[in-house]
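Chains, contacts and geometry: an overview
Single-letter residue listing:
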Amino acid sequence: MSEELSDLYQEIILGHNKRPRNEQVLDPYSYKAEGFNPLCGDRITVYATADGAGKLDRVTFVGEGCAISRASASIMTTQVEGRTISEINKRIGDVIAMLSQADEPEMDLAVEGDLAALAGVRKFPARIKCATLSWHALRSAIENRSDTER
Ligand code: ZN
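Residues numbered from 1 in each chain as written. Predicted model: local features only at pLDDT ≥ 70, side-chain atom pairs only at ≥ 80, totals over all residues. Heavy atoms only, no water.

Topic: the overall build of the protein chain
Here is the rule we go by: Counting from the N terminus, the helices are DSSP H or I runs at least four residues long and the strands are E runs at least two residues long. Radius of gyration here is computed from C-alpha atoms only, and the compact-globule reference equals 2.2 Å multiplied by the residue count raised to the power 0.38.
Within the protein chain, the secondary structure is distributed over six helices and three strands. Starting at the N terminus and walking to the C terminus, you meet the elements of the protein chain as α-β-β-β-α-α-α-α-α. Taking 150 residues into account, the globule formula puts the C-alpha radius of gyration at 15 Å, and the protein chain, at 15 Å, falls close to it. Based on the C-alpha atoms only, the size of the protein chain along its principal axes is roughly 50 × 30 × 25 Å.

So this is what it looks like as structure tokens:
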């Protein structure tokens, strides 16, 4: 990765931290879970509503944490909103695997969008938990759903 590209990735992360997408509490909600990363002190709560047809029509978050954890949550909401639960579960698995594997190939910004910028943290193992926190929280939220809607 060139230095220039690293700057671009950093800019994307800082932009999401400063102006996050979908940062709000949902009430009522179908799913909710809190994620905590003791290594860094990041605390993110994820909310989602289901549309009754198996899709999550809103996915939001609130929380305090480092720029990476907040940017990851912001990017996560844009990646999963409007998808079905099974699509989302697959996406969560793919992204966590991608973020956890330092030797994965570079991602294409044009194809993967801001997720490619997030993937840049693979080079900093101490920050990987910051990046995966909101994805783990969404997974817990879906697994421990708060209502009985199918
Ligand atoms: Zn963090």
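Considerations on the coordination of the zinc ion
Put simply, the rule reads: Water is not among the atoms examined, so metal sites may look incomplete; donors are the N, O and S atoms within 2.8 Å of the metal, or within 3.2 Å for Na, K and Ca. Summary of the burial criterion: residues with accessible area below 20% of their type's maximum are buried, those above 50% are exposed, and those between are partly exposed, where the area comes from a 1.4 Å probe applied to protein chains only.
Donor atoms from the polypeptide that coordinate the zinc ion comprise Cys40 (SG), Asp42 (OD), Asp42 (OD), Cys66 (SG) and Cys130 (SG), at 2.2 to 2.7 Å from the metal. Here the donor residues of the zinc ion share one chain and are spaced in sequence as C-x1-D-x23-C-x63-C. Here Cys66, found in the loop between strand S3 (56-64) and helix H2 (67-80), pairs with Cys130, found in helix H6 (residues 128-143); they are 64 residues apart in sequence, far enough to count as distant. Exposure remark for Cys66: the relative accessible area of 15% places this residue in the buried category.

Things to note about the layout of surface pockets
Worth spelling out the cut-off: We place a 1 Å grid over just the protein atoms. Points where a 1.4 Å probe fits but has no way out form a cavity, open points with protein on both sides within 12 Å along at least 5 of 7 lines form a pocket, and any residue with an atom within 4 Å of a point lines it. Grid points are joined across faces, edges and corners, and a volume is the space filled by probe spheres set on the points. Throughout this entry, Asp, Glu, Lys and Arg are counted as charged residues, while Ala, Val, Leu, Ile, Met, Phe, Trp, Tyr, Cys and Pro are counted as nonpolar. The remaining residues, Gly among them, count as polar.
Estimated volume of the largest pocket: approximately 320 Å³. Lining of the largest pocket is provided by 14 residues; of these, Gln10, Ile13, Gly120, Val121 and Phe124 occupy positions nearest its centre. Ranked by residue count, the leading element in the lining of the largest pocket is helix H1 (residues 3-18), at five residues. Among the residues making up the lining of the largest pocket, the classes are represented as nine nonpolar, three polar and two charged.

A look at the pairing of S3
On a regular strand, one side chain projects to one face of the sheet and the next to the other, so that they alternate. Applicable threshold: Note on pairing: DSSP must find at least two bridges between two strands before they are called paired.
With eight bridges connecting them, strand S2 (residues 42-50) and S3 associate as antiparallel partners. Looking at S3, one finds that Val46 is bridged to Phe61.

Here we look at the pattern of salt bridges
Test applied: Salt bridge, as used here, is a side-chain nitrogen of Lys or Arg placed within 4 Å of a carboxyl oxygen of Asp or Glu.
If you walk through the whole model with that rule in mind, you get five salt bridges. The residue Arg43 makes a salt bridge to Glu34 at a minimum N-O spacing of 3.0 Å. The salt bridge partner of Asp94 is Lys90, with a shortest N-O separation of 2.8 Å. With Asp94 and Lys90 both in helix H3 (residues 85-100) and four residues apart, the pair spans about one turn of that helix. A residue is classified by how much of its surface remains accessible, and Asp94, at 36% relative accessible area, is partly exposed.

Observations regarding the packing of aromatic side chains
Threshold: Stacked, edge-to-face and tilted labels apply to pairs of Phe, Tyr and Trp rings (six-membered ring for Trp) whose centres lie within 6.5 Å, assigned for plane angles under 30 degrees, over 60, and everything in between, in that order. As a reminder, the over-ring test applies to NZ of lysine and CZ of arginine, requiring each to be within 6 Å of the ring centre and within 35 degrees of the ring normal.
Inspection of the entire model under this criterion finds one aromatic pair. Positioned over the ring face of Phe36 is Arg43, at 4.1 Å from the centre of the ring.

Notes on the pairing of strand S1 (residues 31-37)
Judged by which residues are buried, S1 turns out to be one-sided: Tyr31, Ala33, Gly35 and Asn37 face inward and are buried, whereas Lys32, Glu34 and Phe36, on the alternate face, are not. Counting the residues between successive antiparallel strands, the hairpin from S1 to S2 contains four residues, one of them, Gly41, with a positive phi of roughly 90°.

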